[in-house]
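Residue-level listing of the chains:
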Amino acid sequence: SSGINAVYGVHYKFITKTPDNSGVDVVLITKPPPRLAGIYLFATGGTVIPPHMRVNADTTCKYKEDIEMTPFAFRTHTHKLGVRVSAWREREGTWTLLGTGDPQKPQMFYLMKGDSHPVRKDDVLHARCEYVSHRDTVTRIGSTGKDEMCNFYMMYHMNATKFKLEDGCYYEKSFKVPEYARVKDEEPESLTFELDDTWKSTGIVKKMGQIGGLSHTADKKQLVVFHRAGKKQKQGAKRRKHSNQDNEVVV
């Protein structure tokens, strides 16, 4: 309809100095879908983080709607002191982890793992942000980079004929997670590289995109370089081509 206007924006963490073609794709359909999606937000606003302390920010709410809500993806958000953000569903005393993530990693929506865990009337929803402060000053919740935030965005879908855009959960209340439902710390894979004085360079110059990481083959005889390769765009495609900077690497 010509009477509908929409405004979209892209949020950046840092100002980019390189060419950027980020954007948003909008797809219109003529047939109503059987289910609609929305975002349920967990957030806190009164957390105070003392200097050199580990602090949790908790929020808890009871789901009071008659219509079933099915979470399927999540995104976590804090500022610099956040180390983990998690959410659970509690039903009749049984806790189920819905999602957990490191807010310092790329902030995007991640699909929930495992079986589907729909939320029904009288289920209790919990979310927790964990912070570790190495600062000499007190940190509070706020909008600047020196402040903190606590957000768990839960993407859900429900029956389109009964769809209701849920607001979120902002009631701050501490809780204790049962042992079986606690988030287990994952042990990072240990990988060590050492200088090989016997390596003989071939002098061959390889054109590569932006270097993202290094690894090696299982026999440890070949170095593997992960980089952003150029993408060829088919004529007439709607998506914009992402620009990549080429790096010269001597092997």
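Our subject is the structure listed above.
All values derive from a computational prediction rather than experimental measurement.

### Structural notes on the state of the cysteines
Here a disulfide denotes a covalent bond joining the sulfur atom of one cysteine to the sulfur atom of another.
Now for step 1: Applying the stated criterion to the full structure yields 2 disulfides.
Now for step 2: One disulfide in the model links C129 with C150; its S-S distance is 2.0 Å. Looking down the S-S bond of the C129 and C150 bridge, the torsion is 90 degrees, so its handedness is right-handed. Taken together, the positions of C129 in strand β8 (residues 124–132) and C150 in the loop between β9 (139–140) and β10 (151–159) put the pair 21 residues apart, joining distant regions of the chain.
Now for step 3: A relative accessible area of 1% places C129 in the buried class.

### What to know about the sheet that holds β8
Across a sheet, strands are paired by hydrogen bonds formed along the backbone, either parallel or antiparallel in direction.
Now for step 1: A sheet is described by the order of its strands in space; here 4 strands give the open sequence β3-β8-β5-β6, paired in antiparallel fashion. At either end of the open sheet lies a strand with only one pairing partner, and these are β3 (54–62) and β6 (94–101). Here the average twist between neighbouring strands, direction ignored, is 20 degrees.

### What about the packing of aromatic side chains?
Now for step 1: Under the criterion given, the structure shown has 8 aromatic pairs.
Now for step 2: Here F74 and F152 contribute two aromatic rings whose centre-to-centre distance is 5.4 Å and whose plane-to-plane angle is 5 degrees, an arrangement assigned as stacked. Of the two residues, F74 is situated in strand β4 (residues 70–77) and F152 in strand β10; the sequence distance between them amounts to 78 residues. Residue F74 shares its accessibility class with F152, and that shared class is buried.
Now for step 3: Ring centres 6.3 Å apart and planes at 20 degrees place the aromatic pair Y156 and F163 in the stacked group.
Now for step 4: An aromatic cluster of at least three residues, connected via ring pairs, comprises Y40, F42, F74, Y110 and F152.
Now for step 5: For the cation-ring pair, R75 lies above Y153, with the distance from its terminal atom to the ring centre recorded as 4.4 Å.

Thresholds, definitions, all that
- Residues numbered from 1 in each chain as written.
- Predicted model: local features only at pLDDT ≥ 70, side-chain atom pairs only at ≥ 80, totals over all residues.
- Heavy atoms only, no water.
- Disulfide = S-S within 2.5 Å.
- Helix = DSSP H or I, 4+ residues; strand = E, 2+ residues; numbered from the N terminus.
- Buried < 20%, exposed > 50% of the residue type's maximum accessible area, 1.4 Å probe, protein only.
- Pairing = 2+ DSSP bridges.
- Axes fitted to C-alpha atoms, helices over the stretch in contact; angles between N-to-C directions.
- Phe/Tyr/Trp six-rings, centres within 6.5 Å; stacked < 30°, edge-to-face > 60°.
- Lys NZ or Arg CZ within 6 Å of the ring centre and 35° of its normal.

None of the figures reported here should be taken as evidence of function without further support.
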